[in-house]
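Examination of the molecular architecture
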Amino acid sequence: MLALFEPESETPAKGALVILADEGQSPASGLAAALRQPMARAGWAVMVLGLETPPYELQEARRQRDFGSPEDAGMPETDAADETSEKSVDDESVMIDVMASEDVEALASQYRARIQKALAAAVGNLVGRGYSRVAMAGVGRAAGHVTHAATASGGQDVSALVWIAPVFDQSDSKALAESLGESGALKVLELYSARSSLDAGGATQRSPKQREAAFRRAGIAGYSRQPVAMAEQPQPREAQALTNRVSAWLASER
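Below or above, wherever it landed, is the structure these notes cover.

1. Some thoughts on the sheet that holds strand S6 (residues 187-193)
Here seven strands make up an open sheet; going across it, the order is S1-S3-S2-S4-S5-S6-S7 and the pairing mixed. Each edge of the sheet is formed by a strand with only one pairing partner; in this case those strands are strand S1 (3-6) and strand S7 (223-228). Across this sheet, the average inter-strand angle for adjacent strands is 15°, counted without regard to direction. As judged from the four bridges shared by S1 and strand S3 (residues 44-51), these two strands associate in the antiparallel manner. The residue of S3 that forms the bridge with Ala-3 is Leu-49.

Put into structure tokens, the structure is as follows:
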């Protein structure tokens, strides 16, 4: 996985920041790339990684989880004769679906493992360069991946997490409180669009307000959220405003 490194523009460095781009973006494109130089000017060494698009099968499985299969609605009822004649076909369809599900899960595990390996290598590289404080940031769907990486070692290698307009897979969204609870004192900042509704959660996505409530119920004190005047899918032009928020928050969490 390609990565771009930008050393801090002033010394001593305040620390190092690993930024994982949103899904389908390279380290040289999009918001993650635009954050590299502003964060370096703010005193942080920055390493930006791209996030490859998931295999087609994973994208289809995600769409089915999020919206449901269109065949689930509006299907006519069958009579007894139809049930008898179609039973073998239905059984075969179920078996194919199960096999496909297993294949998709194997693809998902391989996909996540590649990303986790790259993130671990990035953190190790920065530690090897002498940076004693390493934070991680994820844009959009990258938020779930950096959370997995930061909590994998109980928060020992990564001191803070930043979620920028995060989008979590359904399984990740439900497991966030448990993961952060097990990581100990890991601090998390969520930056979300001020234009979005705090209560606009859904079946697969919790809103920032709902996440905060879930974390409080779980006894997690290290989470905070801040609205930012940006698009719901933030653009490179908003990098400086986000840099101001991220650098100020990281400084307050020392």
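2. Let's talk about the packing of aromatic side chains
For the structure shown, the criterion picks out four aromatic pairs. Between the aromatic rings of Trp-163 and Phe-215, the centroid separation amounts to 6.4 Å while the plane-to-plane angle is 55°, which identifies the pairing as tilted. Remark: Phe-215 occurs in helix H6 (residues 208-217) and Trp-163 occurs in strand S5 (residues 160-164); sequence separation between them is 52 residues. For Phe-215, a relative accessible area of 2% puts it in the buried group. Ring centres of Phe-215 and Tyr-223 lie 4.9 Å apart, and the angle between their planes is 70°; on these two criteria the pair is classed as edge-to-face. Relative accessible area serves as the criterion here: at 10%, Tyr-223 is assigned to the buried category.

3. Re the nonpolar core
Ranked by internal contacts, the top residues of the largest apolar core, which has 38 residues, are Val-18, Leu-119, Met-136 and Trp-163. Those elements giving two or more residues to this core turn out to be strand S2 (15-23), S3, helix H2 (56-67), helix H3 (80-128), strand S4 (134-139), helix H4 (142-152), S5 and helix H5 (170-182). Excluding its chain neighbours within four sequence positions, the residues that come into contact with Val-18 are Met-47, Leu-49, Leu-119, Ala-122, Val-123, Leu-126, Val-134, Ala-135, Met-136 and Ala-137. In this structure, Ile-19, Leu-31, Met-39 and Leu-189 belong to the second largest nonpolar core, which totals 27 residues.

Here is what the cut-offs are and how they apply
- Residues numbered from 1 in each chain as written.
- Predicted model: local features only at pLDDT ≥ 70, side-chain atom pairs only at ≥ 80, totals over all residues.
- Heavy atoms only, no water.
- Pairing = 2+ DSSP bridges.
- Helix = DSSP H or I, 4+ residues; strand = E, 2+ residues; numbered from the N terminus.
- Axes fitted to C-alpha atoms, helices over the stretch in contact; angles between N-to-C directions.
- Phe/Tyr/Trp six-rings, centres within 6.5 Å; stacked < 30°, edge-to-face > 60°.
- Buried < 20%, exposed > 50% of the residue type's maximum accessible area, 1.4 Å probe, protein only.
- Core = buried A, V, L, I, M, F, W, Y, C linked by side-chain atoms within 4.5 Å.
- Contact = heavy atoms within 4.5 Å.

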